[in-house]
Amino acid sequence: MINPFENEQRRAFKDSIAKFLEAEVWPHVDAWDEAGAYPHEMNEKICALGVFGFDIPEEYGGLGFDDAHMRKASGVEMGRSSAGGLMASVGSRSIMLKPLTELANDEIRQRVLPELLSGRKGGALGITEPGGGSDVANMKTTARKDGDEWVLNGQKMFITGGMQASYFVIGARTGGDGMGGISLFFVEADTPGFSRTPIERKMGWWASDTATLYFDECRIPAANLMGEEHKGFYAIMNNFNNERFWMAAQMLGMSMRLFDECVAYATDRQTFNKPLIKHQVIRHKLADMSAKIDAMDAYLNQVAEIINTGDTPVAEISKLKFFCSTNLEWIASEAMQIFGGAGYLRGNAVERIYREVKVQAIGGGSQEIMRDLTVKQMGL
Ligand SMILES: Cc1cc2nc3c(=O)[nH]c(=O)nc-3n(C[C@H](O)[C@H](O)[C@H](O)COP(=O)(O)OP(=O)(O)OC[C@H]3O[C@@H](n4cnc5c(N)ncnc54)[C@H](O)[C@@H]3O)c2cc1C
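Just so you know, these numbers come straight off a predicted model, no measurement behind them. (Residues numbered from 1 in each chain as written. Predicted model: local features only at pLDDT ≥ 70, side-chain atom pairs only at ≥ 80, totals over all residues. Heavy atoms only, no water.)

### Regarding the site of the ligand
Here's step 1: The ligand sits among 19 residues. The nearest are T128, G133, S134, F158 and S366.
Here's step 2: F158 is positioned such that a nitrogen or oxygen atom in its backbone is 2.6 Å from a nitrogen atom of the ligand.
Here's step 3: Taking 970 Å² as the accessible area of the ligand by itself, protein coverage stands at 64%.
Here's step 4: Listed by contribution, the elements that provide at least two residues to the shell around the ligand are β1 (122–126), β3 (149–160), α13 (357–362) and α14 (367–377).
Here's step 5: Element by element, the count of residues in the shell around the ligand is highest for β3, at 3 residues.
Here's step 6: Of the residues assigned to the shell around the ligand, the class counts are 9 nonpolar, 9 polar and 1 charged.
Here's step 7: Residue contributions to the shell around the ligand reach at least three from each of two domains, namely domain 2 (122–233) and domain 3 (234–377). (Near = heavy atom within 4 Å. Polar contact = N/O pair within 3.5 Å; in protein donor to acceptor, adjacent residues only side chain to side chain. Areas by Shrake-Rupley, 256 points an atom, 1.4 Å probe, with all protein chains shown as cover. Helix = DSSP H or I, 4+ residues; strand = E, 2+ residues; numbered from the N terminus. Nonpolar A, V, L, I, M, F, W, Y, C, P; charged D, E, K, R; others polar. Domains from an automatic or database assignment.)

Shown next, in the form of structure tokens:
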């Protein structure tokens, strides 16, 4: 579909990412997934594309400007690569950069942001706990003030990039029950009282490292409080919007890749003396896939336009996230069907994306929570 919002700068940015990923990632995705890891230098190479620098001043290593259409383009290309695990781990820094840029003190920003944006060091965001992820306001990890230090106790679970990360943004309870008692903290991996263990054997994102984090009388400087005490919940919710928009763009890219794979396979595969693509049932599946892809694309463009005005359309971003994940679920399932038995074998993009659909429907705010937030935002 023609993108009415494309211009020379956006096209050049998109093309540079596509060119890099097609040459340096596409050929290796399967091997990295099977190995459960990717070469460490990919962190620096992907960061060098500038995909994480939006809305971050140049003095910290950022791009010094923002453009939601370019953010979208980077997500689409990452999705199209079908390298979900790699993108999740390298991308884990992206979901902690906004609070770090906006809320950390200047010493931390100047020291840490260039390390994260260059890919030399990794970062992760710790919100979810073993007791639950959807009900953020109910988190149990605590931070108590002791002189000029904060002392953290508790656990965080499912933390993407958590084994590699040197720096963390962590939510913890500083006050009473509910959303008004939560604050955000900057924690470094070498702090005494901090430890982590890997979460192995995930359904998808095999190449990514996922961790459980432990805080046992973990002492950090008072200056590591990010933003105002007890105001962390609002910063967490605000931060989710960026993550959800970017995930939606990735889901569009994953869907586009599935469509392309299906067209290629169905053109080549013969059944009942003609190419699969000449059977009407298959053609209709492709038509439906294409319509859903166009709808996701158009919706993302519309939301990108709103974001570029400086607004944060929470209801639309929530709708976008569950709209894209439900469409991706359908498209991935139909793609598997078109591939038949071949799709059931490991080592192809259709099978890989199929097992990575669910994390898109759950992580960063599940479909149910996105629907809840949508109607709440509508005042219903
Ligand atoms: C691979 C992976 C990577 C992740 N990376 C990170 C990360 O980097 N950082 C981080 O902080 N978290 C991360 N998460 C956690 C993720 O955000 C949570 O899994 C998600 O928010 C859901 O929380 P939960 O798993 O605890 O499910 P729960 O909150 O226990 O919910 C279980 C189910 O019940 C539904 N549900 C819950 N409440 C309601 C309700 N009121 N009405 C209807 N249905 C409801 C949910 O939608 C879900 O389907 C990751 C998760 C995965 C799987």
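### Let's talk about the pairing of β3
Here's step 1: Note that strand β2 (residues 142–146) and β3 share 5 bridges and pair antiparallel. Paired with A143 across the bridge in β3 is L152.
Here's step 2: The antiparallel pairing of β2 with β3 creates a hairpin that spans 2 residues between the two strands, and G147 there sits at a positive phi of about 65°.
Here's step 3: Bridging between β3 and strand β7 (residues 210–221) involves 9 bridges; their strand directions are antiparallel. (Pairing = 2+ DSSP bridges.)

### A look at the pattern of salt bridges
Here's step 1: What the rule picks out here adds up to 27 salt bridges.
Here's step 2: Put simply, E107 and R111 hold a salt bridge, and the shortest N to O gap is 2.7 Å. Placement of the pair is E107 and R111 together in helix α7 (residues 106–118), with a separation of 4 residues, close to one helical turn.
Here's step 3: Exposure remark for E107: the relative accessible area of 46% places this residue in the partly exposed category.
Here's step 4: Through salt bridges that share partners, K14, E22, E77 and R80 make up one connected network. (Salt bridge = Lys/Arg side-chain N within 4 Å of Asp/Glu carboxyl O. Buried < 20%, exposed > 50% of the residue type's maximum accessible area, 1.4 Å probe, protein only.)

### With respect to the nonpolar core
Here's step 1: Counting residues in each nonpolar core, the largest one holds 50 residues, and the members touching the most others are V25, I46, F52, L86 and L100.
Here's step 2: V25 has contacts with F20, W32, M42, S81, A83, L86 and M87, leaving out every residue within four places of it along the chain.
Here's step 3: Within the second largest apolar cluster, 37 residues are counted, among which are M254, L258, A266 and L286. (Core = buried A, V, L, I, M, F, W, Y, C linked by side-chain atoms within 4.5 Å. Contact = heavy atoms within 4.5 Å.)

### Details of a nonpolar patch on the surface
Here's step 1: Together, V375, M378 and L380 make up a nonpolar patch on the protein surface, roughly 320 Å² of accessible area in all.
Here's step 2: Note on placement: V375 falls in helix α14.
Here's step 3: For V375, a relative accessible area of 37% translates into the label partly exposed. (Patch = residues over 30% accessible without salt bridge, like charges linked within 9 Å, V, L, I, M, F, W, Y side chains within 5 Å.)

### Some remarks on the domain arrangement of the protein chain
Here's step 1: Here the domain parsing of the protein chain yields domain 1 (8–118), domain 2 (122–233) and domain 3 (234–377).
Here's step 2: Listed per partner, the contact involves 29 residues of domain 1 and 28 residues of domain 3.
Here's step 3: The interface formed by domain 1 and domain 3 contains 4 salt bridges.
Here's step 4: One salt bridge in this structure joins D30 and R352, with 3.7 Å as the shortest N-O distance.
Here's step 5: Counting across the domain 1 and domain 3 interface gives 13 residue pairs in polar contact (both at pLDDT 80 or more).
Here's step 6: Mapped by element, the contributors of at least two residues to the side of domain 1 that touches domain 3 are α2 (29–35), α4 (68–80), α5 (84–91) and α6 (94–103).
Here's step 7: Top element by residues in the side of domain 1 that touches domain 3 is α4. It accounts for 10 residues.
Here's step 8: Split by residue class, the side of domain 1 that touches domain 3 holds 9 nonpolar, 10 polar and 10 charged.

### Section: the packing of helix α9 (residues 280–308) against helix α10 (residues 314–339)
Here's step 1: Relative to each other, α9 and α10 sit at 160°, their axes nearing to 10 Å. As summarised for this structure, α9 and α10 are arranged roughly antiparallel, according to the angle between their axes. Viewed along their axes, α9 and α10 form a crossing whose handedness is left-handed.
Here's step 2: Residues belonging to the contact of α9 with α10 are distributed by class as follows: 18 nonpolar, 1 polar and 6 charged. (Axes fitted to C-alpha atoms, helices over the stretch in contact; angles between N-to-C directions. Parallel < 35°, antiparallel > 145°, perpendicular 65-115°, else oblique. Left-handed = near helix turned anticlockwise from the far one by under 90°.)

### Here's the deal with the packing of helix α8 (residues 232–268) against α10
Here's step 1: The geometry of α8 relative to α10 is characterised by a closest axis approach of 9 Å and an angle of 20° between their N-to-C directions. One way to sum up the angle between α8 and α10 is to call them roughly parallel. In this structure, α8 meets α10 at a crossing whose hand is left-handed.
Here's step 2: A breakdown of the residues in the contact of α8 with α10 according to their chemical character gives 19 nonpolar, 3 polar and 3 charged.

### Quick notes on the environment of V151
Here's step 1: Among the secondary structure elements, V151 is positioned in strand β3.
Here's step 2: The spacing of V151 and Q337 is 186 residues in sequence and 53 Å in space, taken between C-alpha atoms.
Here's step 3: Apart from the residues lying within four places of it in its own chain, the contact partners of V151 are T142, A143, R144, D146, E217, C218 and R219.

### With respect to the packing of aromatic side chains
Here's step 1: Enumeration according to the criterion identifies 10 aromatic pairs in this entry.
Here's step 2: Aromatic pair F52 and W246: ring centres 6.1 Å apart, planes at 70°, arrangement edge-to-face. Placement of F52 in the loop between α3 (41–47) and α4 and of W246 in helix α8 is noted, with a sequence separation of 194 residues between them.
Here's step 3: You can call F52 buried: its relative accessible area is 6%.
Here's step 4: Geometrically, the ring pair formed by Y299 and F323 is edge-to-face, given 5.7 Å between the ring centres and 75° between the ring planes. A residue pair is termed long-range when its members are at least 10 positions apart, and Y299 in helix α9 and F323 in helix α10 qualify at 24 residues. (Phe/Tyr/Trp six-rings, centres within 6.5 Å; stacked < 30°, edge-to-face > 60°.)

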